[in-house]
Number of protein chains: 2
Amino acid sequence: MTTYVILAIVSGVAALGLAFVYAGQVHAVSQGNDRMVELAAAIREGAMAFLKRELQWVSVFVAVMAILIATLLEDGWQRSIAYILGATLSFGAGFVGMRIATAANARTTEAARTGGIVAALPIAFRGGAVMGFTVAGLGLLGVSVVWLFLVNVNGMAVDKAAEIVAAIGLGGSSIALFARVGGGIYTKAADIGADLVGKVEAGIPEDDPRNPAVIADNVGDNVGDVAGMGADLFESYVGSLVAPIAFAAIVYSGELQVSAIIFPLAVAALGMFASIIGSFLVKAKSDADLSAALHRGTNFAMITAGVGVLGLAYLVFGDVEGVKPVGIWLAVVVGLLVGFAVGKISEIFTSDHYKKVKGIAKQAETGPATVILAGIAEGKRSAAYSVMVTAAGIWGAYTAGDWAFPTEGGIYGVAIAAIGVLATLGITIAVDAYGPIADNAGGIAEMAHLDPEVREATDALDSLGNTTAAIAKGFAIASAAVTSLALFSTFTKAVGLESINLINVGAIVGLFLGAMFPYLFSAMTIDAVTRAAYAMIEEVRRQFREIPGLRDGDPSAKPEYAKCVDIATTGALREMVIPGSLAVIFPLVIGFIDVEALGGFLAGALVSGFLLAIYMANAGGAWDNAKKFIEAGAYGGKGSDAHKAAVIGDTVGDPFKDTSGPAMNIVIKVMTIVSLIFASAFV
Amino acid sequence: MTTYVILAIVSGVAALGLAFVYAGQVHAVSQGNDRMVELAAAIREGAMAFLKRELQWVSVFVAVMAILIATLLEDGWQRSIAYILGATLSFGAGFVGMRIATAANARTTEAARTGGIVAALPIAFRGGAVMGFTVAGLGLLGVSVVWLFLVNVNGMAVDKAAEIVAAIGLGGSSIALFARVGGGIYTKAADIGADLVGKVEAGIPEDDPRNPAVIADNVGDNVGDVAGMGADLFESYVGSLVAPIAFAAIVYSGELQVSAIIFPLAVAALGMFASIIGSFLVKAKSDADLSAALHRGTNFAMITAGVGVLGLAYLVFGDVEGVKPVGIWLAVVVGLLVGFAVGKISEIFTSDHYKKVKGIAKQAETGPATVILAGIAEGKRSAAYSVMVTAAGIWGAYTAGDWAFPTEGGIYGVAIAAIGVLATLGITIAVDAYGPIADNAGGIAEMAHLDPEVREATDALDSLGNTTAAIAKGFAIASAAVTSLALFSTFTKAVGLESINLINVGAIVGLFLGAMFPYLFSAMTIDAVTRAAYAMIEEVRRQFREIPGLRDGDPSAKPEYAKCVDIATTGALREMVIPGSLAVIFPLVIGFIDVEALGGFLAGALVSGFLLAIYMANAGGAWDNAKKFIEAGAYGGKGSDAHKAAVIGDTVGDPFKDTSGPAMNIVIKVMTIVSLIFASAFV
């Protein structure tokens, strides 16, 4: 079995190596003229300043948690180290993603300027791939190296080792939570602030360099969509590895236990190699081939992984008595199907190729209120459909696992379903992460007053990835629900709960409180965006008022970009602390009072948070694309009343889809994994 | 114990008698000039036409359910008759409420015209009181007469009798569901349709007789706020009686069982007498005394009931071995406190006397998007706080009941907590229901071109009741959650489930689907409003286009009111069928597949629906009052940009607070009670 661990390590190293090569290729390209270099530097500086200050805040949090872990738990200091390692790797993944994104943006612009869209695609894609393979590589290396060290070098018992490995997951989730919340507040506060004063009050176009908030807005795309997403996906990936490992370590024994623990690492290694090869296939010969090129890469990786898992199941479980490997493969396939279906639902509800978004756009004719009502209704409907599919998937994976294993295989089936979805993360993030790079490239083109054709090329590049990105997002959300459910079941085993019985008052009170938490969290994060945006609006108004000639484009009038960047940074960091901390405090407090209540709490938070996450993400996406659909000429196009109504819908959707919604997934998982880690302290 | 049943019957008869007297007093007053008589007749006809057509639709549903009950269940035909009785009484309560409301509206206008606000208050209040005492009287009579007949006349065993009585609750809930959904769609479709074309496009004021939708709008206030609310509160009241009765019949035996079944009837009788006396205290000597007069009545009733229950507990349970009556009283007190607290939270979040609504109004300065975000955040926050209070209350009532009873007293404590809240329903509805009457009176004043002072008087009357109404709404919502929880526990006993174990895949899949349902339901009902409003808008536009001189107020140009009334009626009824039916189909289908999954489903729907109900009700209320706050002069007042932004918020809130939100409470209860009734068929 050690072979598979070593294979996992090799694949992780290969992924990091590939990321290094891609990074070199990106950096080898020109950043364009002085103005572009200057703009890219301003964005990079702002983004790095944010990360640095964020690091200070989260360090305090991580330190407190590390002390709690070290003092309250058995094997405390080992777990504490693993926790810090997870936090460090998660932060590192976000950091690397942001470095490369802020390096690739101007280079993508320049490539689009000189060689058009065919030349720009590889730069943006490689930028995204650096992040993708770094996230996946660090995640897989972290888990497998620690495992090898503890079990094979130190000879530790596997159940002890699994407990320590689980702490890596908590570290990753802690950072991801703050990165998502802080980054999400930053990006939307800057975006709303820039738009409301710039576009609406001053009447200047998006990304106009006269707008003092324009750099902050572009920084926001990086800290929210890149660094936030990097840390987020790192924790999803590690979480999906940790869930089956922790469950197997607690529930199984002997040969079955070892095989069940190694299997996820083997699947991840397979998925990594498939992703690496897939990334070589993303090469477009012509403009018409672009979309196909992206799909080629991801499809190859997914199909290879999907089929290969069947062989792996026989290799790893073939000799274990009473196990039917094909059942395990079926569980993984169910996971892939659910991920795909949830992604497809997201696409149908948020893409303007389908009638949902067109319907929302039509409602813009009767004003903003009907646009918003339509978006809310469609968002809720999409959440309802996604939950039905996921519930069916959970039942399917459970049944497959239950059939495959001689004992208690159901939850293992559910846990392993998630790893199937995330195994090819390397390439799916690459496709996802190149979107913000293209977005930033467009911003630089605008600010540097380049030819409109350049902007068109980057816009085309940006919209290209939308389909694949929507599917990837669906994968991430579905995997979060499934992983949390597996972790939740592991938690009940860890605290020795025979049942979480909804007939008992403790469980039902917990269920109420758990379902409540996502509402509280969502209220806090939306408020945070509104407050931070308000501060930004005041500052932009002040600059327009006090800096003579700024609004009229007098070249001697320089907007104070740094002030706006600073306001967004300070606001986002201050607002991130309370909601982020509550997600850890709530389960800890309830757990020390009553473990069954905590079980109810986790279940309530899981179902309520999952619904809210999809609803908010899809409603936001639908409004965004309804606006774009009108901008493309429908219902009077840009500047019409319908367009104004759609812009209002889009603004409402901003914190929905980029702050509250994406953070919710992590909240669910943080709460479950913190409960799992502290299980022994509760009982 | 029969004494208490007879007392309950006497109090029910007294309530109906009082309602009859009040109705006579209302009808004795003049309806004003010919124009007012004509307008009131048009509203009454439209409302009655809707009720008649609604009756046709729901009759089909009731017939199908009655056949299912009669064929699938033991004692089927008795239960079927009880079901039809419950449905009939519920519909009757709505019908009477609407008759009196459409009789009291013009009379309130006329009283305000001739005698000012002091003269108008008694008319509006008595109109509300007719509905209040009819609802409570019919509910208490229905349950206690059936009980007396079955047990004391026919000598049926109490557990059998309790099963049959429970069917009255299902009948009431079925009607209430359709009345709320249909009425809610009607009122908001008409409101949005009238506003968007009338106020926004044609630039004519609210309630202007030139607007073809104006009668439909006023009819809507009656079918939604009066008939819908009447049926709703009937089912709440009966549900709160049925829950402890059904639980006691299944779980207890001997003397404890009989006492536990009779106690809720005794509490209801006490509350009814207290309400009757309280209603005599609502008399204002001067303008300044109005608010105090309303409070005097409700406060007297609540305090009398709250204290009296302690005595009743000793009378009913004093001789039962092992029971501590003071514990039962404590459970009732906890219920009252929770109801009061949830009401207070609603008030704080929706009244412009507090900073929440002022904060939302302030956000109107930066446009509609920030108003909407602020309202959504505050609505969610209010839901979170309400759930925390309710969860604490459930724990408290459970603990009190558990301590009071020798065995399994916890859930009885929870069930009895709800009856405490609803015992004084007679007077609380009176205060709640006079709002729509005052609202309609204002509409008639406007349409009949009366002196602006008359409108001011009715507006003052309307806003007066807001505080008490908000508290009453909180009571209703909190009681719904508590009643559902008690019914849910009774269901688990009825199907013989030892546990609903969230570690089992069936329960967790059920939990996901249950939490999902309110989202689906909410999406469907919001869409329904949008669609029906759209049809209305088209019709109003057509009339303005095709009827010459209508917009300019040419007296020979007559708007076709009846067409708009017909469109709203048809739209509302068509849209009501699917969401309403799904609320019954879902639990039945799941129950026949897996009973534990149904348990999870009910729990998920309870927590998710409760949160959504409060969130939507309070967000809607907050937007409404933020708009009114601006109309009163803040941030530029009427016609300012801030006002326009606030109007958009209010429109978004319309289906939130008047369609989806209020229906959600009934959905939760319908699903639980249908599961309880069909329990024996599932297993």
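From a predicted model like this one, the values you see are computed outputs, not experimental measurements.

Parameters at a glance
- Residues numbered from 1 in each chain as written.
- Chains lettered and ligands numbered in written order.
- Predicted model: local features only at pLDDT ≥ 70, side-chain atom pairs only at ≥ 80, totals over all residues.
- Helix = DSSP H or I, 4+ residues; strand = E, 2+ residues; numbered from the N terminus.
- Rg over C-alpha atoms; globule rule 2.2 N^0.38 Å.
- Contact = placed C-beta atoms within 7 Å.
- Nonpolar A, V, L, I, M, F, W, Y, C, P; charged D, E, K, R; others polar.
- Least-squares fit on C-alpha atoms with pLDDT ≥ 70 in both.
- Core = buried A, V, L, I, M, F, W, Y, C linked by C-beta atoms within 7 Å.
- Buried ≥ 20, exposed ≤ 12 C-beta atoms within 10 Å, placed from the backbone.
- pLDDT = per-residue confidence, 0-100.
- Expected span 1.5 Å × (residues − 1).
- Bend = angle between axes of the 7 residues up to and from the residue.
- Axes fitted to C-alpha atoms, helices over the stretch in contact; angles between N-to-C directions.
- Parallel < 35°, antiparallel > 145°, perpendicular 65-115°, else oblique.
- Left-handed = near helix turned anticlockwise from the far one by under 90°.

Concerning the overall build of chain A
Each helix and strand in chain A was counted, giving 19 helices and zero strands. On C-alpha atoms alone, chain A measures out to a radius of gyration of 24 Å, which is about the 26 Å that the 2.2 N^0.38 rule sets for 683 residues. With respect to the three principal axes, the spread of C-alpha positions in chain A is 75 × 55 × 45 Å.

Notes on the interface of chain A and chain B
Counting residues at the interface gives 59 residues for chain A, matched by 59 residues for chain B. For the side of chain A that touches chain B, the secondary-structure elements that each account for two or more residues are α10 (368–404), α14 (466–494), α15 (505–546), α17 (595–631) and α18 (641–677) of chain A. Here the side of chain A that touches chain B takes 19 residues from α10 of chain A, the largest share from any one element. Looking at the side of chain A that touches chain B residue by residue, the class counts come to 40 nonpolar, 16 polar and three charged.

Here we look at the relation of the copies chain A and chain B
It takes a turn of 180° to lay chain A on chain B, together with a shift of 0.0 Å along the axis; the resulting RMSD is 0.0 Å. When the rotation and shift are considered jointly, the pair of chain copies conforms to a two-fold rotation axis. The position closest to the rotation axis in chain A is occupied by the C-alpha of Asn 501 of chain A, lying 2.3 Å away. Mapped onto chain B, 100% of the interface residues of chain A are again interface residues, and the two copies thus contact each other with one and the same surface.

Describing the nonpolar core
Val 165 of chain A together with Val 165 of chain B are the most contacted members of the largest nonpolar core, which has 593 residues in total. Beyond its immediate sequence surroundings of up to four residues, Val 165 of chain A is in contact with Ala 82, Val 143, Val 146, Trp 147, Val 242 and Ile 245 of chain A.

Let's talk about the environment of Arg 113 of chain A
Residues and elements named next belong to chain A. Relative to the helices and strands, Arg 113 is located in helix α3 (residues 76–153). Under the C-beta neighbour-count criterion, Arg 113 is labelled buried, with 23 such atoms within 10 Å. Discounting chain neighbours no more than four positions away, the residues touching Arg 113 are Gly 32, Leu 450 and Val 454.

Brief notes about the confidence of the model for chain A
All names here are of chain A. When pLDDT is averaged along chain A, the result is 89; 98% of the residues meet or exceed 70. Looking over chain A, one finds the lowest element-wise mean pLDDT in α14, namely 80, and the highest in α10, namely 95. Predicted as a complex, the structure gets a pTM of 0.94 and an ipTM equal to 0.93.

Some details on unusual backbone geometry
Residues and elements named next belong to chain B. Within the chain, Glu 408 stands out as a residue other than glycine whose phi angle is a positive 45°. Tracing the backbone shows Glu 408 in the loop between α10 (368–404) and α11 (410–422). Residue Glu 408 is classed as partly exposed on the basis of its 15 C-beta neighbours within 10 Å. In this structure, His 449 takes a positive phi of about 55° despite not being glycine. Note on placement: His 449 falls in the loop between α12 (425–447) and α13 (452–464).

Examining helix α6 (residues 254–280) of chain B
An ideal rise of 1.5 Å per residue puts 39 Å on 27 residues; α6 of chain B measures up with 41 Å between its terminal C-alpha atoms. With respect to burial, α6 of chain B is a largely interior element, 21 of its 27 residues being buried.

Observations concerning the environment of Asp 289 of chain A
Within the secondary structure layout, Asp 289 of chain A lies in the loop between α6 (254–280) and α7 (290–317). When the C-alpha positions of Asp 289 of chain A and Val 118 of chain A are compared, they lie 9.1 Å apart, and in sequence the two are 171 residues distant.

Regarding helix α4 (residues 158–202) of chain B
Residue and element names in this part refer to chain B. Relative to the 66 Å expected for 45 residues at 1.5 Å per residue, α4 spans 63 Å between its end C-alpha atoms, a close match to the ideal helical length. In α4, a bend of some 25° at Asp 195 exceeds every other bend along the element. Within α4, 39 of the 45 residues are buried, which leaves the element mostly enclosed by the surrounding structure. One or two residues past the end of α4 sits Gly 203, with phi positive at roughly 70°.

Side note on the packing of α12 of chain B against α13 of chain B
Residues and elements named next belong to chain B. Packing of α12 against α13 brings their axes to within 8 Å, and their N-to-C directions diverge by 165°. Classified by the angle between their axes, α12 and α13 sit roughly antiparallel to one another. You can see that α12 and α13 cross each other, and the crossing is left-handed. Counting all contacts with α12, which are made through Gly 435, Ala 438, Asp 439, Ala 441, Gly 442, Ala 445 and Glu 446, the residues of α13 involved are Val 454, Arg 455, Thr 458, Asp 459, Leu 461 and Asp 462. Its residues assigned to classes, the contact of α12 with α13 comprises five nonpolar, three polar and five charged.

Regarding the environment of Lys 283 of chain A
Residue and element names in this part refer to chain A. Relative to the elements of secondary structure, Lys 283 occurs in the loop between α6 and α7. Among the residues examined, Lys 283 registers 14 C-beta atoms within 10 Å and is labelled partly exposed. On a C-alpha basis, the gap between Lys 283 and Val 226 in space is 23 Å, while along the polypeptide they are 57 residues apart.

Examining the packing of helix α5 (residues 214–251) of chain B against α6 of chain B
Residues and elements named next belong to chain B. Two elements in contact, α5 and α6, have axes whose closest approach is 8 Å; the angle formed by their N-to-C orientations is 170°. Judged by the inter-axis angle, α5 sits roughly antiparallel to α6. Along its contact with α5, which presents Leu 241, Pro 244, Ile 245, Ala 248 and Ala 249, the element α6 presents Gln 257, Ala 260, Ile 261, Pro 264, Leu 265 and Ala 268.

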